[in-house]
Amino acid sequence: MLKQLTITNYLYIESATLDFHEGLNVVVGESGVGKSMLVNILSIPLGFSPGSEEIGPWGKHSHITMLFGSGELLHIEIGRKTTFTLNNESITAKKVREYFSQKMDVHSQNNYELIRGNQLAILDRFMTHQERETWEQYQKSYSEYRECLALVHHLGSQIFSETQREWVDFQRRELSFLELRSDEDDLLFEQLKRGQVGLDYAQHFSELTQMMDDLQSQIIKVLRKLSSQEHPALISLVTPLQSLECDADDIRFQLAKKEQDSEALSAEEVASIESRLNTLDTVKKKYQKTLPELITFLAELSEKLDNQEAYKHDLTQAKKREQESLTLAKALATQVSLNREKVSTRVIVSIQEYLGALGLDKSELAPSFVRKQAIDETGVDEFQFLIRVNIGSAFHALSKLSGGETSRIMLALKAGLRHACEVSTYVFDEIDSGVSGDIAMKVSEVIAQVAKTQQVIVMTHLPILAAKGTALFQMTKTFSENQTHVSVRSIVREQWDFVLSTLLPDGQSDQSKAYVKLLLKKSQND
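This is a predicted model, so every value here is computed, not measured. For every chain, the first residue of the written sequence is number 1, and numbering continues from 1 onward in sequence order. At least 70 in pLDDT is required for a residue's local features to be given in this predicted model, at least 80 for side-chain atom pairs to be given and counted, and no such filter applies to totals for whole chains, interfaces and linings, which use all residues. Neither water nor hydrogens contribute to the side-chain values; these are computed over all heavy atoms in the structure.

## Some details on the overall build of the protein
Alright, step 1. Scanning the protein from N- to C-terminus turns up 17 helices and 15 strands.
Alright, step 2. Out of the 526 residues belonging to the protein, those deemed buried represent 41%.
Alright, step 3. Contacts spanning at least 24 positions in sequence make up 70% of the contacts within the protein whose residues lie at least 6 apart.
Alright, step 4. Taken as a whole, the protein presents about 29200 Å² of accessible surface, with 51% of it coming from carbon and sulfur. What counts as a helix is a DSSP run of H or I of at least four residues, what counts as a strand is a run of E of at least two, and both are numbered from the N terminus. Throughout, exposure labels follow a simple rule: accessible area from a 1.4 Å probe, protein chains only, divided by the maximum for the residue type, with under 20% read as buried, over 50% as exposed, and the rest as partly exposed. It only takes one pair of heavy atoms within 4.5 Å for two residues to be counted as in contact. The Shrake-Rupley method, run with a 1.4 Å probe, gives the accessible areas here. Residue values count only the displayed protein chains as cover.

## Quick notes on helix α1 (residues 35–43)
Alright, step 1. Most of α1 is tucked away, with seven of its nine residues classed as buried.
Alright, step 2. Inspection of α1 places Lys-35, Met-37, Leu-38, Val-39, Ile-41, Leu-42 and Ser-43 among the buried residues, and these make up the whole buried set.

## Quick look at the sheet that holds strand β8 (residues 104–107)
Alright, step 1. Each pair of strands is called paired provided DSSP finds at least two bridges between the two strands. Ordered in space as β8-β12-β13-β3-β14-β15, the six strands form an open sheet in which the pairing is mixed. The open sheet has two free edges, formed respectively by β8 and β15 (484–490), since each of these has just one partner strand. Across the sheet, the axes of successive neighbouring strands diverge by a mean angle of 15°, strand direction being ignored.
Alright, step 2. Pairing geometry for strand β12 (residues 425–429) and strand β13 (residues 455–459), over five bridges, is parallel. Only the stretch in contact is used when fitting a helix axis, every axis being a line fitted to C-alpha atoms; angles between N-to-C directions are given from 0 to 180 degrees.

## Considering the pattern of salt bridges
Side chains bearing opposite charge may pair, as long as their charged atoms lie close to each other.
Alright, step 1. When a carboxyl oxygen of Asp or Glu is within 4 Å of a side-chain nitrogen of Lys or Arg, the pair counts as a salt bridge. Per the counting criterion, the structure on display carries 18 salt bridges.
Alright, step 2. Here Arg-181 and Glu-184 are joined by a salt bridge, their closest N and O atoms 3.5 Å apart.
Alright, step 3. A residue is classified by how much of its surface remains accessible, and Glu-184, at 4% relative accessible area, is buried.
Alright, step 4. For Lys-517, the salt bridge is made with Asp-497, and the minimal N-O distance between the two is 2.9 Å.

## Looking at the environment of Glu-77
Alright, step 1. By the element assignment, Glu-77 lies in strand β5 (residues 73–78).
Alright, step 2. Its relative accessible area of 28% is what places Glu-77 among the partly exposed residues.
Alright, step 3. For the pair formed by Glu-77 and His-63, sequence separation is 14 residues and the distance between their alpha carbons is 4.8 Å.

## Things to note about the sheet that holds strand β9 (residues 364–376)
Alright, step 1. With antiparallel pairing, the three strands of this open sheet are ordered in space as β9-β10-β11. Strands with a single pairing partner mark the edges of an open sheet, and in this sheet they are β9 and β11 (396–397).
Alright, step 2. Pairing of strand β10 (residues 379–388) with β11, which is carried by two bridges, proceeds in the antiparallel orientation. Paired with Leu-386 across the strands is Ala-397, a residue of β11.
Alright, step 3. The strands touched by helix α12 (residues 308–357) within the sheet are β9 and β10, with β9 carrying the most contacts at an inclination of about 165°.

## Digging into the environment of Ile-387
Alright, step 1. Its location among the elements puts Ile-387 in strand β10.
Alright, step 2. Ile-387 sits in the buried class, given a relative accessible area of 1%.
Alright, step 3. Distance in space between the C-alpha atoms of Ile-387 and Ser-399 is 9.9 Å, their sequence separation being 12 residues.

## Focus: helix α14 (residues 437–450)
Helical periodicity: at 3.6 residues per turn, an α-helix aligns residues three or four positions apart in one direction.
Alright, step 1. One fewer than the residue count of a helix, multiplied by 1.5 Å, yields its expected span. The end-to-end C-alpha separation of α14 is 20 Å, in line with the 20 Å expected for 14 residues at 1.5 Å each.
Alright, step 2. Where α14 is concerned, the buried positions are Ala-440, Val-443, Ser-444, Val-446, Ile-447, Ala-448 and Val-450.

## Re the packing of aromatic side chains
Alright, step 1. By convention, a stacked pair of Phe, Tyr or Trp rings (six-membered ring in the case of Trp) has centres within 6.5 Å and planes under 30 degrees apart, an edge-to-face pair has planes over 60 apart, and any other such pair is tilted. Going through the model one piece at a time under the given rule, you end up with 11 aromatic pairs.
Alright, step 2. Ring geometry for Tyr-99 and Phe-100: centres 5.0 Å apart, planes at 90°, overall edge-to-face.
Alright, step 3. We classify Tyr-99 as partly exposed; its relative accessible area is 34%.
Alright, step 4. Here the aromatic rings of Phe-383 and Phe-385 are separated by 5.0 Å at their centres, their planes lie at 80°, and the arrangement is edge-to-face.
Alright, step 5. We classify Phe-385 as buried; its relative accessible area is 2%.
Alright, step 6. Joined through ring pairs, the aromatic side chains of Trp-135, Tyr-138, Tyr-142 and Tyr-145 make up one cluster.
Alright, step 7. The ring of Trp-135 is capped by Arg-340, whose NZ or CZ atom sits 4.8 Å from the centre of that ring.
Alright, step 8. Note on geometry: a ring has a charge over it if NZ (lysine) or CZ (arginine) is within 6 Å of the ring centre and within 35 degrees of the ring normal. For the cation-ring pair, Arg-493 lies above Trp-496, with the distance from its terminal atom to the ring centre recorded as 3.7 Å.

What follows is the structure in C-alpha cells.
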C-alpha cells in the first residue's frame, strides 16, 4: 500500500504531505480544485508523463516522493526530463511502470484501457496456478518455435542456388587472385610518396655532382697550365691546387654515393605501384568496401561456399525441429484456449455479481472468442467481453457503452477480480461522477467493499461515499495577487461532518448537517 505521498512545487501545490491509511482514503474538494492533478501525480509510476509545464513557480524542479508499506521509496524529479530513483538507485521509467503496475491501479474517467484494450490479458491475469503453468509452457514453447523459425530462415539464406553459387565462386576467385593485404593501399601510397622525395634528392645530388665535375675539370686545366711555367710564384700554387682537386674529387664521390643511396624509384617501379593502386581502387569501388572489409568478405564467401553441404544438412534438421516445436506450441495453444474459456466463465460470474450490486442487474456479459489463423505470442485467441444492458437487446462491445456505464463496469471488474491480482492500491478518480440516489449508494458500497481487502484512494463529490472512509483529505484553492495555491490537508474525525456537509448543495443547513451525521453514524455501525 501507499503510506505517504510528498509533493513539492507541482503546478499550484507548493508543498503537501499526505499520510494514507489502509482501507478507504477519501479526497474531497470543489470542482476544479485540482483532484485530477493529484490523480495524475499518482499515475506517474504507471506511465503518465509530466512535462516541464507541471513545474510550479517555487523552484526549477518538481519533486514527488512515494513511500510504500513494503519499504520501497520512489522519488520522482521533474525538470527538462523526468528522472526516477527507487531506494536511492536510478531506475528507468519503463522499469518503474513494470514494477508498480503490479502494485497500483489508477482508474480515471478516461482510463479504460483494461477493458477497451487487450482484454485477453484479463483472462491470463486471473488463471489458476495450473492454468498459468500451461500458459507459461506455451510461452516457452512458442519462444522455442520462433527460435527454430529464425534458424531455418538464417540457414536458408546461407544456401546458394546454382546461379548464386557460380557468382559467389567468381567473386572468390577474383578476390583471391588479388592477394589482398589489409593496409596495402596505405603502404603503396607511402612508398610512392617516399620515392618521389628520393627522386627529388637524387636530382639535386646529380646536379651538384655535375657542378663538382666541372670544377674538377677546371682545376686540372689550371694545373696543366701551371706545370709548364717556371716562375716561382706560379709554381707555388700547384700544391694548393692539387689539394683542392683531391677535395673536389672526394666531394664528387660522396655526392655520387648519396645519389645512389637515395630512395628514388625507377619509372618502371612508379608505373607498377600506380597500376596496383588503380587495381585496388577499382575493386574497392566495385564491392563498395575497404581492403579490410574485402578480406573479411572473402573469408565469409569461402566459408559459405565450403559449408554448403553442411548448411543443407543443418537446414533439414532445423526444419524438423521447427515442425516439432510448432506442433507442440499449437497443442499448448489449444489447451490455453480451453483454459481461457473456463477463466472467462469464472470472470463473468464474478463481475456479474457486482453488476447487480451497481444497478446493472439487467445487464449480461458474454465472452467472444475468435480463433486466429496462426499462433502468436498471445496464443491462438482473440477475445473481448460483450455486454447487453437490457434484456432482449443485442450484445455489443464494451467500447459502445456510455461513460457512466463503462465506469461501473470497470468497478465491477476490479471488485470481482481483486482477490486474484497483486494490486494493493486502487485509485478512483470520481468514479461516482454522473450518478446519484440509489446508484450512488450502490457505487459507494462496492468501493467500500473493495477497501476491506485493498487500499483505496478515491476522489469524490458524494458524502455517502466519503462517510465510509478511514481517512479524509480536503483540497482547497486560494488566490493571491499573482498566484494560485492549492493545498491538501488531512481532516481530523471531529471535522468530518463540517467538511462533508460542504459537498451538499445547501451547504451548512441544519438539514445537511443532520444528513451527514446520519451517514457518519451509519458508516461507524457498518
